[in-house]
Amino acid sequence: MTASIDAHVRLDTHPTHPSAVQAHLTGSQAHVASTALEAAGWSVAATGVLILARIDHEEPYWAADAAQKLIDEGITVEVTPRLQEAIYEEWTWANYPMPWLTRGEIREVSSEAQKIHDDIRNGHLLIHAHARDGDTTVAVGTYLHRGGKSVYLHGENHLRQVAGTFDSPASALLAFEETHADGMRPGPAPLTDTERAAIAARSVFDITTSKPEPARPEPETVPVYLADADDHDALLDTFLDKHREFQKWRTWSDDTTHAIHESQTLRIERVHETPAHDTAWTVAAYETPVSDRMWHLTATGATPAPVLQALLIHLGDGDGWDTAIDSPVDEKVVTAATQPLTEAGWKHTLTGHGIRWTSPDGGAGVQFDPLTAQHAQNSTTWTIWAGPNPDRPTWAITASPHTPSPLLADLSETLAHETGTRRTQPGREHRARLATSVSAAPAVTPGRPASRSR
C-alpha cells in the first residue's frame, strides 16, 4: 500500500489563460508534489502555486495524467468541477494539416512539438538561425546535450517538428543557408502569440498571489437537508459510470443531459446551469416506452448532493419504479412513505394543504396533499423541502401521486437520519451539528464526449 504523503494539490483552470491549469499546494510535504509536477513540465509561479501552460493546448489532458500519478504516490488531489469539465471535453484542431491522424496520434505530434518548445525555452536547444518558409517558420539549432546533435526544425507551435538532423552545427548551418539564404536571420524566431500567452500564464501569479488568499472555510457536518448542493453534474457522471444500463444523451444545445434506462421506461433529465430554485432534475417512469408517464419527480438546483445521491442509488438498484396507477394513494401508501420520519420524531400536523411532517429543528419538511392524490395524476402531491416553508424553500423536491412509496421512504430515511457537509460562511449559523458524514469530491474519471474546435 502506498504511504500517505502530507500534501494536498488543488487543480483548477487558470484565471486568465483559456487552457492553462493551476495547482495550489499545501501540506508539510508539499515539496514532494512540487518536485513531481516540475518534473512533468509544470512551472513554479509563486509560493505554493505551479502552472501548466503549453503551446499545444492539451493542459487539461496532462493535468489529469499528473493528478493520477500524484494519487498513486499517496498525495491528495482535488480537481475542481470546471477543470473536470475541461478534462471531459473532446475537441479538434480546425484545419489540421494532417487530417488522417487519430486524436491520439495528433496528441503525440503536439507532445513532440511541446518538447522542442521546452528545450528551447530551458536553454537545452540553441537556435542558430531562422527563416520564413511560405506561411510557417523554419530554424536550425544544436542540442547542448544529447551528444551535440544539430537539427532542422519546421513549423510553429503544436506543429513544429524535427525535419532533419546533422552531425555538426557547421554542416547544419551550411545546409540551412543553402536553402534559405535570402530570408535567413540569426537566432530564434520572434515568439508566436501562443508562446507569449503561455509565458503570460506563468507570470500572472507574480501579481495575483502577492496578497495571501483568504483561508478556505472548513466544512462542517450538518443534517443532510442543510448540506451543500456540490456538483450535480459529477453526481450524474458517477451514476452513469456505475450503471451502464442507462444510456446518456445530450441535447443539441448541450444544456440538458438525458439518462435513459435500456428498457426505455425510466428517464432522468438533468438541466445544467440552472438557478438554485429552478428545476434541475426530472425523473419520469412509463409503463411502456410509448405510453404516458406513470409518475414523475423533480428536484431544484440547490438540492443537497447526498439527497440526490440517495435518489440515484434507488433508481440504480431498479427497486420497482413501476407502479399501479389505478390503485388508490391511501393511508397505507402514505404511512409506508413517511414511516422513517415518524420514527425519527418529526412533527406531524394537519394544514390547509394536507398533512405535513416537520423536522425537530424546523429546517425541513415533507407534505402530502390528499386532494391532488385522488384527482390529478400528474400534479404535485408530495413536496419535500428545506427552508422556512414549502412556499419559500431553499430547495425542493416534488412528486406526483403514484411515485413509488419505497422511493419516497428512501428519501424520508435520508432526511431523517443522514448527514452532509456544508462550508461555513461568515454570519451563517446552523441549528444542529450531527455526527459523521461522507461528501464525495469530484474525481478524475473518463469523460463524456463534447466537441469544440481550436
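Calculation criteria
- Numbering of residues begins from 1 in every chain and follows the order in which that chain's sequence is written.
- Two thresholds apply to this predicted model, a pLDDT of at least 70 for residue-level local features and 80 or more for giving and counting side-chain atom pairs, whereas whole-chain, interface and lining totals are computed over all residues.
- Each side-chain value is derived from all of the structure's non-hydrogen atoms; neither hydrogens nor water enter the calculation.
- Throughout, an axis means a line fitted to C-alpha atoms (over the contacting stretch in the case of helices), and angles, computed between N-to-C directions, take values from 0 to 180 degrees.
- In DSSP terms, a helix is any run of H or I states spanning at least four residues, a strand is any run of E spanning at least two, and both are numbered starting from the N terminus.
- Throughout, the term roughly parallel applies to angles under 35 degrees, roughly antiparallel to angles over 145, roughly perpendicular to angles from 65 to 115, and oblique to all others.
- Should the near helix be turned anticlockwise from the far one by less than a right angle, the crossing is left-handed, and should it be turned clockwise, the crossing is right-handed.
- Working rule for contacts: check all heavy atoms of both residues, and any pair within 4.5 Å makes them a contact.
- In this classification, Asp, Glu, Lys and Arg are treated as charged, Ala, Val, Leu, Ile, Met, Phe, Trp, Tyr, Cys and Pro as nonpolar, and every other residue, Gly included, as polar.
- Of the grid points, spaced at 1 Å and generated over the protein atoms alone, those admitting a 1.4 Å probe that cannot get out make up cavities, while open sets with protein on both sides within 12 Å along at least five of seven lines make up pockets; any residue with an atom within 4 Å of a point is treated as lining.
- Grid points are joined across faces, edges and corners, and a volume is the space filled by probe spheres set on the points.
- A pair of strands is treated as paired once DSSP finds two or more bridges between them.
- Residue exposure (1.4 Å probe, protein chains only): buried if accessible area is under 20% of the type maximum, exposed if over 50%, otherwise partly exposed.
- In this description, a nonpolar core means a group of buried Ala, Val, Leu, Ile, Met, Phe, Trp, Tyr and Cys residues linked to one another through side-chain atoms lying within 4.5 Å.
- Stacked, edge-to-face and tilted labels apply to pairs of Phe, Tyr and Trp rings (six-membered ring for Trp) whose centres lie within 6.5 Å, assigned for plane angles under 30 degrees, over 60, and everything in between, in that order.
- Lysine NZ or arginine CZ positioned within 6 Å of the ring centre and within 35 degrees of the ring normal marks a charge as sitting over the ring.
- Note on definitions: salt bridges are taken to be side-chain nitrogens of Lys or Arg within 4 Å of carboxyl oxygens of Asp or Glu.

Q: Requested: an account of the packing of helix 8 (residues 232-242) against helix 9 (residues 305-317), with residues and values cited.
A: Interhelical geometry of helix 8 versus helix 9 gives an angle of 20° and a closest axis separation of 11 Å. As judged from the angle between their axes, helix 8 and helix 9 are roughly parallel. At the point where helix 8 passes helix 9, the crossing takes the right-handed sense. Across the interface between the two elements, His232, Leu235 and Phe239 of helix 8 pack against Ala305, Leu308, Gln309, Leu312 and Gly316 of helix 9. Within the contact of helix 8 with helix 9, the residues separate by chemical class into five nonpolar, three polar and no charged.

Q: Give me the layout of surface pockets: which residues, what numbers.
A: By volume, the second largest pocket amounts to about 650 Å³. Lining the second largest pocket we find 28 residues, and of these Leu37, Ala39, Ala40, Gly41 and Trp42 sit closest to its centre. When contributions to the lining of the second largest pocket are tallied by element, the ones reaching two or more residues are helix 1 (30-39), helix 2 (59-72) and helix 4 (103-121). Taken together, the residues that form the lining of the second largest pocket break down as 13 nonpolar, five polar and 10 charged.

Q: Give a detailed account of the packing of helix 9 against helix 12 (residues 405-417), specifying residues and quantitative values.
A: Remark: helix 9 packs on helix 12, axes separated minimally by 10 Å, with the N-to-C direction vectors making an angle of 150°. By the angle between their directions, the pair helix 9 and helix 12 is classed as roughly antiparallel. Note on packing geometry: the crossing formed by helix 9 with helix 12 is right-handed. Across the interface between the two elements, Pro306, Val307, Ala310, Leu311 and His314 of helix 9 pack against Pro406, Leu407, Asp410, Leu411, Thr414 and Leu415 of helix 12.

Q: Residue-level account of the sheet that holds strand 8 (residues 150-154), with values.
A: Spatially, the five strands line up as an open sheet ordered 9-8-7-6-10, and their pairing is antiparallel. Strands at the two margins of the open sheet, each flanked by one partner only, are strand 9 (161-166) and strand 10 (185-186). Examined bridge by bridge, strand 6 (residues 125-133) and strand 7 (residues 136-143) share eight bridges and lie antiparallel to one another. Residue Asp133 lies in a different strand from strand 7, and its bridge partner there is Thr136. Sitting on the sheet, helix 4 is in contact with strand 6, strand 7, strand 8 and strand 9, with an inclination near 120° to strand 6. Here helix 5 (residues 169-180) sits on the sheet in contact with strand 6, strand 7, strand 8 and strand 9, set at roughly 10° to strand 6.

Q: Requested: an account of helix 3 (residues 81-88), with residues and values cited.
A: Within helix 3 the residues assigned to the buried category are Leu83, Gln84, Ala86, Ile87 and Tyr88. Next to the buried residues of helix 3 lie strand 1 (8-13), strand 2 (21-26), helix 2, strand 5 (76-79) and helix 8.

Q: Summarise the nonpolar core; cite the residues concerned and give the values.
A: Counting 50 residues, the largest nonpolar core has Ile268, Leu297, Trp346, Trp395 and Leu415 as its most contacted members. Ranked by residues supplied to this core, first place goes to helix 9 with six residues.

Q: So, the pairing of strand 5: which residues are in play, and what are the values?
A: Across the two faces of strand 5 the burial differs, with Val77 and Val79 buried and Thr76 and Glu78 not buried at all. By the bridge criterion, four bridges tie strand 1 to strand 5 in an arrangement that is parallel. Following the sheet pairing, Leu11 is matched in strand 5 by Val79.

Q: Residue-level account of the packing of aromatic side chains, with values.
A: The relation between two aromatic rings is expressed through the spacing of the ring centres and the mutual angle of the planes. Within this structure, the stated rule accounts for five aromatic pairs. The interplanar angle of 55° and the centroid separation of 5.9 Å between the aromatic rings of Tyr152 and Phe176 together place this pair among those described as tilted. Of this pair, Tyr152 sits in strand 8 while Phe176 sits in helix 5; the two residues are 24 residues apart in sequence, bridging distant segments of the chain. Arg107 extends its terminal NZ or CZ atom over the ring of Tyr61, reaching a point 3.6 Å from the ring centre. The ring of Tyr286 has Arg267 sitting right over it, with the charged end atom 4.3 Å from the ring centre.

Q: I'd like a description of the pattern of salt bridges, backed by residues and values.
A: Overall, the coordinates contain 14 salt bridges when judged by the stated rule. Between Glu195 and Arg160 there is a salt bridge, and its shortest N-O distance comes to 3.3 Å. Note that Glu195 is positioned in helix 6 (residues 193-203) and Arg160 in the loop between strand 8 and strand 9, a separation of 35 residues in sequence. Judged on exposure class, the residue Glu195 and its partner Arg160 are both buried. Three or more residues joined by partner-sharing salt bridges are found here, namely Arg10, Asp12, Glu78 and Arg82.

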